[in-house]
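Chain and residue survey
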Amino acid sequence: MIAEVYPLRRMPRTFSHLDYFVPEGMDVQAGSFVQIPFRQNQIFGIIKRVKDKPPRGITLKPITSVFGELALHADELSFFENIATQIAQSVSSLLHASLPHPPKKKKSVTTESLAGTSLTIPAQESETVARLAKQMHERRFSFLTIPDLRRTAAVIARYLYQQPDQKAVIVCPTVRDVMLLCRFLHQLSPLYVTGEEINQERFEAWKNYRHAKKVLLITTRTGLLYPDAATTTLFLVRSNHANHIQHDRNPRLDARVVTKLFAERFTTNLFFMDVAATLEDLLQFGKDQFLFFPIRTPVQFIDAAKERPVSSQSAITTTTCERIAEVIEAGGRVLVVYNKKGYAIRLRCAQCDHRFTCSSCKHLVRVHATTIQCVHCGLTEPSPQRCPSCKSPNVQQRGYGSERLHELFRGWFPNTTVQLVDAQHPEFNSSVTLTLATQYFLENHFDPFDEHRFQCVIHLDPDSPLFATSFRATQRAIHGLCEWIGVAHANQVPTIVQTEEGGLFEEFLQNPILQLEEEYSMRSSYAQPPFTQWIRVTIREEEKKKRELEAYLLTMSLQKFEGVRVSTQATSVADEQVLVVRTPLTVLQAVLHFF
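Thresholds, definitions, all that
- Residues numbered from 1 in each chain as written.
- Predicted model: local features only at pLDDT ≥ 70, side-chain atom pairs only at ≥ 80, totals over all residues.
- Heavy atoms only, no water.
- Helix = DSSP H or I, 4+ residues; strand = E, 2+ residues; numbered from the N terminus.
- Rg over C-alpha atoms; globule rule 2.2 N^0.38 Å.
- Buried < 20%, exposed > 50% of the residue type's maximum accessible area, 1.4 Å probe, protein only.
- Contact = heavy atoms within 4.5 Å.
- Areas by Shrake-Rupley, 256 points an atom, 1.4 Å probe, with all protein chains shown as cover.
- Lys, Arg positive; Asp, Glu negative; His and termini not counted.
- Charge placed at Lys NZ, Arg CZ, Asp CG, Glu CD.
- Core = buried A, V, L, I, M, F, W, Y, C linked by side-chain atoms within 4.5 Å.
- Salt bridge = Lys/Arg side-chain N within 4 Å of Asp/Glu carboxyl O.
- Axes fitted to C-alpha atoms, helices over the stretch in contact; angles between N-to-C directions.
- Parallel < 35°, antiparallel > 145°, perpendicular 65-115°, else oblique.
- Left-handed = near helix turned anticlockwise from the far one by under 90°.
- Nonpolar A, V, L, I, M, F, W, Y, C, P; charged D, E, K, R; others polar.
- Pairing = 2+ DSSP bridges.
- Disulfide = S-S within 2.5 Å.
- Polar contact = N/O pair within 3.5 Å; in protein donor to acceptor, adjacent residues only side chain to side chain.

A word on the overall build of the chain. On a plain count of helices and strands, the chain comes out with 17 helices and 26 strands. For 595 residues, the compact-globule estimate of 2.2 N^0.38 gives 25 Å, and the chain sits close to it at 27 Å. Overall, the chain is about 85 × 70 × 50 Å in size when its C-alpha atoms are taken along their principal axes. Within the chain, the fraction of its 595 residues that count as buried is 50%. Counted over contacts in the chain with a minimum sequence separation of 6, partners at least 24 positions apart contribute 71%. Accessible surface for the chain amounts to roughly 28800 Å². Of this, 48% is attributable to carbon and sulfur atoms. Computed over 67 positive and 61 negative side-chain charges, the separation of the two mean positions in the chain equals 6 Å.

On to the environment of Arg 252, then. With respect to the helices and strands, Arg 252 occurs in the loop between strand E10 (233-237) and helix H7 (255-266). Taking relative accessible area as the criterion, Arg 252 reaches 42% and is therefore assigned partly exposed. For the pair Arg 252 and Pro 173, spaced 79 residues apart in sequence, the C-alpha to C-alpha distance is 15 Å. Not counting residues up to four positions away in its chain, the partners in contact with Arg 252 are Ile 87, Gln 246 and His 247.

Moving on, we get to the nonpolar core. One finds Ile 46, Leu 72, Phe 79, Leu 95, Leu 99, Trp 206 and Phe 290 to be the most contacted residues of the largest nonpolar core, which totals 58 residues. Take this core: its biggest share by element is 6 residues, from H7. Once residues within four sequence positions are removed from consideration, Ile 46 is found in contact with Glu 4, Val 5, Tyr 6, Leu 8, Gly 31, Ser 32, Phe 33, Leu 72, Leu 77, Leu 95 and Leu 99. Core analysis: the second largest hydrophobic core is formed by 32 residues, Ala 154, Leu 180, Leu 216 and Met 273 among them.

Our next topic: the pattern of salt bridges. Per the counting criterion, the structure on display carries 25 salt bridges. Residues Arg 151 and Glu 125 are paired through a salt bridge, measuring 2.8 Å at the closest nitrogen-oxygen approach. A residue pair is termed long-range when its members are at least 10 positions apart, and Arg 151 in helix H4 (residues 149-162) and Glu 125 in the loop between helix H2 (91-98) and helix H3 (126-137) qualify at 26 residues. Comparing Arg 151 with Glu 125 shows no difference in burial state: the two are buried. Among the ionic contacts, a cluster of salt bridges with common partners joins Glu 4, Asp 19, Arg 49 and Lys 51.

Between helix H1 (residues 74-86) and H2, the least distance of the axes is 9 Å, while the angle of their chain directions is 110°. Regarding the angle of H1 to H2, the classification is roughly perpendicular. H1 and H2 meet at a crossing whose hand is right-handed. Contacts between H1 and H2 involve Phe 80, Glu 81, Ile 83 and Ala 84 from the first element and Val 91, Leu 94, Leu 95 and Ser 98 from the second. Considering only residue class, the contact of H1 with H2 consists of 6 nonpolar, 1 polar and 1 charged.

What the 3 strands build is an open sheet, ordered E16-E17-E18; its pairing is antiparallel. Each having just a single partner strand, strand E16 (365-367) and strand E18 (380-382) make up the two edges of the open sheet. Averaged over all adjacent pairs, the angle separating strand axes in this sheet is 30°, with direction ignored. Pairing geometry for strand E17 (residues 371-374) and E18, over 3 bridges, is antiparallel. Counted as the bridge partner of Ile 372 is Glu 381 from E18.

With that settled, consider the state of the cysteines. Put plainly, two cysteines are in a disulfide when a covalent bond ties their sulfur atoms together. Inspection of every chain in the model, using the stated rule, returns 0 disulfides. Between Cys 456, a cysteine without a disulfide, and Cys 321, which holds the nearest cysteine sulfur, the sulfur-to-sulfur distance is 13 Å.

On to the pairing of strand E26 (residues 576-584), then. For E26, the buried fraction is high: 8 of the 9 residues fall into the buried class. Bridge count for strand E24 (residues 532-540) against E26 is 9 bridges, and the pairing is antiparallel. Looking at the pairing, Arg 540 lines up with Glu 576 of E26. Bridging between strand E25 (residues 565-569) and E26 involves 5 bridges; their strand directions are antiparallel. Its bridge partner lying in E26, Gln 569 is registered against Val 578.

So, on to the side chain of Arg 256. Tracing the backbone through its elements, the reader meets Arg 256 in helix H7. Other than its neighbours up to four places away in sequence, Arg 256 contacts Leu 236, Ser 239, Asn 240, Ile 245, Phe 272 and Gln 284.

Turning our eyes to something else, we now look at the side chain of Thr 231. Within the secondary structure layout, Thr 231 lies in the loop between strand E9 (215-219) and E10. A polar contact is formed between the side chain of Thr 231 and the side chain of Tyr 209, at a distance of 2.7 Å. Ignoring sequence-local partners within four residues, the contact set of Thr 231 consists of Lys 167, Val 169, Tyr 209, Phe 262 and Thr 268.

To continue, consider the sheet that holds E25. The 3 strands are arranged E24-E26-E25 in an open sheet whose pairing can be described as antiparallel. Because the sheet does not close on itself, it has two edges, and the strands there are E24 and E25. Averaged over neighbouring strand pairs, the angle between their axes works out to 25° when direction is ignored. Lying on the sheet, helix H16 (residues 544-558) is in contact with E24, E25 and E26; it crosses E26 at an angle near 5°.

This is how it looks when you write it as structure tokens:
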């Protein structure tokens, strides 16, 4: 007999499988893990299928051994093949990236036990948690708007308590989220995978999950494809987090798409949970499948457009300063959110208006007090004293970065402790009165299970994402604001929002479905995703004529597909040309296979 084998290695997109001879007496079937000779090494593979006769005139290498402790079912292997087709990758590459490999030598593995902590919520929210858990029990698919991870854990715990025989998986965007959920769901004795374990530890967790009939697995996207056909429920926590989308390397798996396909294939319950829904969530679940955790903490909007002209500083209005001072005078602690890193927004020559970029890769630079740093390659250089274009010494730092705002706060409140928390200043002291923070604080320090840390949360600039050229700019601005409203809700304190687009945010908070339906109409009119798929193609070539010729030939080839439109995107890199391919969903797979 001959076995068609998927080697667990990264292989080209067009690669199918390798044939191996099955020694007499060896029991193998589709989905079996086998050890095979591959070039000069012994590696593992998964059998695609077994056939009776080999091709004539070809001498095949024999399978070395069979790993009998674990095997994929035929429908599970078919699911991997379907996913590989959709993302235009070889099945081998997908299996290699998604599953742990069997250990070559058996060693005892001890999983570190995590200290558990009791999960509690305010008494007035217990009825809401019970209601949501009951509504989830009545549905197979649903999107839940929940303000923070603590309430998310409470809803999941109540749901699993009501249905104790569940085989469930919780997929989280970060390692920290996995650790927090494991700590507060410890009574469910969860297995966990973060991606930081060695291969054998991941394999043991996967094997234990597959062999159990009732179990909870909490994982990052590392374990996204660990669920088996017996899985009853999938939870995607913080479902719109960027980490759920792997866009920087192959295989480019979107956790939202994969979990949806899995749930449809194996009739599994599927629940997405996040602070705010997107248009993609509305299209996937429908408005009747939306469940909401009410936010009872107040949200106050300050009209920055009216107040900036009469305020001493453009970054912060007079009313915002007064609110900060009121909280400090009352003995409270304030969290101020400002997501503009560095000391200033940009450098500008007052004479010729020269645009300063990285001397190495020509990308934009982040301006610090005495240095500039490239946002792309990380090159750090002293701040230029003269304009390289007109040689003028009148180089100005324009705009307010978080470092400059930190200086202002220390001058305005000299008797108050002030700290800045961002990637360059990672330390956080919970006893400091005024904390100026970027998104770094939310991802690395904010603990929704720790109550009453702040007495007020103030967002100074939720409008910044609206200036991006992406069609998702509004969606990202709303989601970013809702995350910080969730921080305020976790502390049971008010949120103050300094914005020029208060109407936009208020409309979403009052009626999110109406705003999403308006977004649906707009994207449909302009043929934007999810109604079309946008593919970004980067052509790297030092010689300009060759680069332009390659772009032209590629454009001509792609435009042969019905409905495909190709446009050029501006780039600051000298030896690159970027094409944006707008592809109708009807020809998407054909275009992907073209690449």
